[in-house]
Amino acid sequence: MGGLFTKSKKQSRVTEQDKAVLQLKQQRDRLKQYQKRIELSLENDRQLAKKCLAQGRKERAKLLLRKKKYQETMLANTDKQLENLEKMAADIEFAQVEMQVLEGLKQGNTALKKMHDILDINEIEKIMDETRDGIEKQQEIDAILSDALTQQDEDDVLAELEALEAEEDSKVAVSLPDVPSETLPEVEEEVAGDDEEVAKAKVGKVKEKPAKVLLEA
């Protein structure tokens, strides 16, 4: 229960200007309702005046028309009052907008001032000078490097590059094995004048001989 008393109240966001605008709008609404009542009364008085004239009650009709004229004057006054109320409410609302704009500008100026305090003009100029010096030095280095080699030097570099490429190509050619060019001797089958069995025996002897030579080697 003690928490109810110790709990801090939230700050209301409704300003005095908001309250003033609300009151003005409430007064405007009341005036509009009053105007509607007067307009109904004017129409009723006009109809009653017509009836009185039809009944021969001229003085009564005249009195009703006087009342009607007075209410018309009051209706015109309420129009002016409504105009003033609406203008005042609009002025207050516009003033609130101006205050918000001014508050934003104030905060912006404060933040900008803090940034200016952090950024020293002398420090900025020093950084810019160092940056320019660095760019100029790099440009000088680039110019020296570009002019260091003559055309003859460039030709020598290209010649050396071609020599290195030729040397690499020769190494690749030496490392590859030679392709054999000798052909194996063909065996001629002598079958003329022999029967089929003798021919097969001769062919078999001829085929066995190279194998034996290869084994002995």
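Residues numbered from 1 in each chain as written. Predicted model: local features only at pLDDT ≥ 70, side-chain atom pairs only at ≥ 80, totals over all residues. Heavy atoms only, no water.

**Quick word on the overall build of the protein chain**
Across its full length, the protein chain carries six helices and zero strands. In the protein chain, the succession of α and β elements from N to C terminus is α-α-α-α-α-α. Looking at the 217 residues of the protein chain, the share that counts as buried comes to 11%. Counting contacts in the protein chain only where the partners sit at least 6 residues apart, residues at least 24 apart contribute 69% of the total. Within the structure as shown, the protein chain displays about 19800 Å² of accessible surface, and the carbon and sulfur contribution to it stands at 57%. (Helix = DSSP H or I, 4+ residues; strand = E, 2+ residues; numbered from the N terminus. Buried < 20%, exposed > 50% of the residue type's maximum accessible area, 1.4 Å probe, protein only. Contact = heavy atoms within 4.5 Å. Areas by Shrake-Rupley, 256 points an atom, 1.4 Å probe, with all protein chains shown as cover.)

**Notes on helix 2 (residues 16-54)**
Look at helix 2: 58 Å from first C-alpha to last across 39 residues, which is about the 57 Å you get at 1.5 Å a residue. Within helix 2, the full set of buried residues consists of Val-21, Leu-24, Leu-31, Gln-35, Ile-38, Ser-41, Leu-42, Asp-45, Ala-49 and Cys-52. On its buried face, helix 2 is in contact with helix 3 (58-118). Positive backbone phi, approximately 85°, marks Gly-56, located one or two places after helix 2. (Expected span 1.5 Å × (residues − 1).)

**As for the nonpolar core**
Core analysis: the biggest nonpolar cluster contains seven residues, these being Val-21, Leu-24, Leu-31, Leu-82, Leu-85, Ala-89 and Ile-92. Elements that contribute at least two residues to this core include exactly helix 2 and helix 3. No other element matches helix 3, which puts four residues into this core. For Leu-82, the contacting residues outside a window of four places in its chain are Arg-28, Leu-31, Lys-32 and Gln-35. (Core = buried A, V, L, I, M, F, W, Y, C linked by side-chain atoms within 4.5 Å.)

**Some words on the UniProt feature "coiled-coil region" (unreviewed entry) in the protein chain**
UniProt records the feature "coiled-coil region" (unreviewed entry) for residues 17-44 and 75-105 in the present numbering. Helix and strand shares over residues 17-44 are 100% and 0% respectively, and the end C-alpha atoms of the span are 41 Å apart. Here residues 75-105 runs as 100% helix and 0% strand, with 45 Å between its end C-alpha atoms. (UniProt positions renumbered as here; feature names shortened; annotations may be inferred.)

**What about the side chain of Ser-41?**
Locating Ser-41 in the fold gives a position in helix 2. One polar contact links Ser-41 to Gln-71, side chain to side chain, over a distance of 3.0 Å. Discounting chain neighbours no more than four positions away, the residues touching Ser-41 are Lys-67 and Gln-71. (Polar contact = N/O pair within 3.5 Å; in protein donor to acceptor, adjacent residues only side chain to side chain.)

**Some thoughts on a nonpolar patch on the surface**
Together, Phe-94, Val-97, Val-101, Leu-102 and Leu-105 line one region of the surface with nonpolar side chains, adding up to about 490 Å² of accessible area. The residue Val-101 is located in helix 3 in this model. (Patch = residues over 30% accessible without salt bridge, like charges linked within 9 Å, V, L, I, M, F, W, Y side chains within 5 Å. Salt bridge = Lys/Arg side-chain N within 4 Å of Asp/Glu carboxyl O.)

**A word on a negative patch on the surface**
Together, Asp-120, Glu-123, Glu-125, Glu-130, Asp-133, Glu-136 and Glu-140 line one region of the surface with negative charge. Relative to the elements of secondary structure, Asp-133 occurs in helix 4 (residues 121-147). A relative accessible area of 39% means that Asp-133 is categorised as partly exposed. (Lys, Arg positive; Asp, Glu negative; His and termini not counted. Charge placed at Lys NZ, Arg CZ, Asp CG, Glu CD.)

**A short note on the pattern of salt bridges**
Applying the stated rule across the entire model yields seven salt bridges. Among the salt bridges present, the one from Asp-45 reaches Lys-67, with a minimum N-O distance of 4.0 Å. Here Lys-67 lies in helix 3 and Asp-45 lies in helix 2, a separation of 22 residues in the sequence. Judged by relative accessible area, which is 41%, Lys-67 ranks as partly exposed. Here Asp-129 makes a salt bridge to Arg-132, at a shortest N to O gap of 2.3 Å. With Asp-129 and Arg-132 both in helix 4 and three residues apart, this pair spans about one turn of that helix. For Arg-132, a relative accessible area of 42% corresponds to the partly exposed category.

**Side note on the environment of Gln-35**
In this structure, Gln-35 sits in helix 2. Each C-alpha atom of the pair Gln-35 and Gln-71 lies 9.6 Å from the other, and the pair is 36 residues apart in sequence.

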